[in-house]
Amino acid sequence: MADNATHSYISSFFLVGIPGLQAFHCWIGIPVCLLFALALLGNSVIIITIKVEPSLHQPVYFFLCMLAVNDMALVSSTAPKMLGIFWLDAHKFDFSICLAQMYFIHTFCIIESALLVAMAFDRYVAICIPLRYTTILTTPMVTKLGLAGVIRATFMVLPCPLLIKRLPYYTKYVINHAYCEHMAVVKLASANTLINRAYGISVALSVMVLDLGLIATSYIKILQAVFRLSSQNARSKALGTCAAHVCTLLVSYTPALFSFLTHRIGKKVPPSIHIIFASLYLLVPPTVNPLVYGVKTKQIRDRVV
């Protein structure tokens, strides 16, 4: 570790953007801007539609509304800085602001995962025990599930910036990324980062294993219930109610798993490919979710039209 007497702590980081593709940053900024605008527009339409239509005041749509709010917050914490890098060469990022961005990005990602679990639970109750749907998923229960997701994410991610604050940063200040990602920041520290790495991996694994496990359990129960139905029409209708949620799961978790595995075992994956996927993980789901639910959910589609 460098001696504090001869080195001063850095006060800001330099975000490269996408290494190897700096010449194309201006063009890369165009789809980023479009995704940002579509995410804000689409999620705003979902929120307003659910608010003004009394028939949509049901648990499944309350969860969807929470997801839309979280998606808007997630994309807003990421896209503006990306556009600053791509279009304005605003690569410098204050140390504290970088940690704040890192905290909010990871917090919103974990909240999103919790909301997907809650929506899977909603589908399980609606299909497997429909007669108890209104007694189980009451408005207070929906509120508690949403708050539980927020509280879990808030306290799980909080140690990450606190652990980074204790690390010395003397000479390395260039982050080969388009935003302040946890592992990218940790790697620059001039000290042993075993605790930071271990905690980051444990949080990521616990969230993915727990949430994907709960979602998988819900859908196994749903499929068992669906295939016990005698009517083909009833089966199709039951599966159709889950189609939008399954699409959201695929869009959300696929790039997330790719990014997580690349950081740990994908040493041969080019940095540009890794960072593009890591950025898509934050930009594409907030953009696609309102489109998926708007198209797949008849009540929302009819109200928007």
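In the nomenclature of an unreviewed UniProt entry, the protein is known as Olfactory receptor of Nyctereutes procyonoides. UniProt lists a comment for the protein under the heading Sequence similarities (unreviewed entry), and it reads "Belongs to the G-protein coupled receptor 1 family."

Bringing the overall build of the protein into the picture now. Counting secondary structure elements, the protein contains twelve helices and three strands. Out of the 305 residues belonging to the protein, those deemed buried represent 48%. The contacts of the protein with a sequence gap of at least 6 include a subset with a gap of at least 24, amounting to 79%.

To continue, consider the environment of Ala37. Along the chain, the position of Ala37 falls in helix H1 (residues 25–52). Each C-alpha atom, one on Ala37 and one on Val75, is 9.6 Å from the other, the two residues being 38 residues apart in sequence.

Aromatic ring pairs are defined here through the distance separating the ring centres and the angle between the ring planes. In total, this model carries six aromatic pairs according to the counting rule given. Centre to centre, the rings of Phe104 and Phe108 are 6.0 Å apart; their planes meet at 20°, and the pair counts as stacked. With Phe104 and Phe108 both in helix H4 (residues 95–128) and four residues apart, this pair spans about one turn of that helix. Using a relative accessible area of 41% as the deciding quantity, one classes Phe104 as partly exposed. Cation over ring: Lys81 sits above Phe93, and NZ or CZ is 4.6 Å from the ring centre.

Take the UniProt feature "transmembrane region" (unreviewed entry) in the protein next. In the numbering adopted here, UniProt assigns the feature "transmembrane region" (unreviewed entry) to residues 27–48, 60–79, 99–121, 142–164, 198–217, 238–261 and 273–293. Here residues 142–164 is 96% helix and 0% strand, with 35 Å between the C-alpha atoms at its ends. Annotation note: span residues 198–217, helix share 100%, strand share 0%, distance between end C-alpha atoms 28 Å.

Counting through the fold element by element, Leu283 comes out in helix H11 (residues 271–296). In this structure, the C-alpha to C-alpha distance between Leu283 and Ser76, residues 207 residues apart in sequence, is 9.4 Å. Filtering out sequence-adjacent residues up to four positions away, Leu283 remains in contact with Val32, Leu35, Val75, Ala79 and Met82.

For the coordinates displayed, the defined rule picks out one disulfide. Bridging Cys98 to Cys180, the disulfide has an S-S length of 1.9 Å. An S-S torsion of about -120° defines the bridge between Cys98 and Cys180 as left-handed. A residue pair is termed long-range when its members are at least 10 positions apart, and Cys98 in helix H4 and Cys180 in the loop between strand E3 (174–175) and helix H8 (182–186) qualify at 82 residues. Across the pair, Cys180 and Cys98 agree in class, each one buried.

To continue, consider the packing of helix H2 (residues 59–76) against helix H6 (residues 139–157). Relative to each other, H2 and H6 sit at 30°, their axes nearing to 10 Å. By the angle between their axes, H2 is roughly parallel relative to H6. Between H2 and H6 lies a crossing whose hand is right-handed. Seen from H2, the contacting residues are Pro59, Phe62, Phe63 and Met66; seen from H6, they are Thr139, Val142, Leu145 and Gly146. Classifying every residue of the contact of H2 with H6 by side-chain character gives six nonpolar, two polar and no charged.

All right, on to the pattern of salt bridges then. Within the structure shown, the criterion is met by two salt bridges. Arg123 is paired through a salt bridge with Asp122; the nearest N and O atoms lie 2.6 Å apart. For the pair Arg123 and Asp122, a shared accessibility class is recorded, and that class is buried. Between Asp211 and Arg152 there is a salt bridge whose closest N-O contact spans 2.9 Å. Separated by 59 residues along the polypeptide, Asp211 in helix H9 (residues 194–227) and Arg152 in helix H6 bring together distant segments of the chain. Owing to a relative accessible area of 2%, Asp211 belongs among the buried residues under this scheme. According to the relative accessible area criterion, Arg152 is partly exposed, its value standing at 21%.

When pLDDT is averaged across the protein, the result is 85; 90% of the residues are at 70 or more. Per-element averaging of pLDDT across the protein places helix H10 (residues 232–264) at the bottom with 68 and H6 at the top with 94.

The strand order E2-E1-E3 describes an open sheet built from three strands, whose pairing is mixed. The open sheet terminates on both sides in strands that have one partner only, identified here as strand E2 (92–94) and E3. Two elements, strand E1 (residues 12–15) and E3, share two bridges in a ladder whose sense is parallel. Across the sheet, the residue bridging to Leu15 is Ile175, located in E3. With respect to the sheet, H4 is in contact with E1, E2 and E3, its orientation differing from that of E2 by roughly 85°.

Cut-offs and rules
- Residues numbered from 1 in each chain as written.
- Predicted model: local features only at pLDDT ≥ 70, side-chain atom pairs only at ≥ 80, totals over all residues.
- Heavy atoms only, no water.
- UniProt positions renumbered as here; feature names shortened; annotations may be inferred.
- Helix = DSSP H or I, 4+ residues; strand = E, 2+ residues; numbered from the N terminus.
- Buried < 20%, exposed > 50% of the residue type's maximum accessible area, 1.4 Å probe, protein only.
- Contact = heavy atoms within 4.5 Å.
- Phe/Tyr/Trp six-rings, centres within 6.5 Å; stacked < 30°, edge-to-face > 60°.
- Lys NZ or Arg CZ within 6 Å of the ring centre and 35° of its normal.
- Disulfide = S-S within 2.5 Å.
- Axes fitted to C-alpha atoms, helices over the stretch in contact; angles between N-to-C directions.
- Parallel < 35°, antiparallel > 145°, perpendicular 65-115°, else oblique.
- Left-handed = near helix turned anticlockwise from the far one by under 90°.
- Nonpolar A, V, L, I, M, F, W, Y, C, P; charged D, E, K, R; others polar.
- Salt bridge = Lys/Arg side-chain N within 4 Å of Asp/Glu carboxyl O.
- pLDDT = per-residue confidence, 0-100.
- Pairing = 2+ DSSP bridges.

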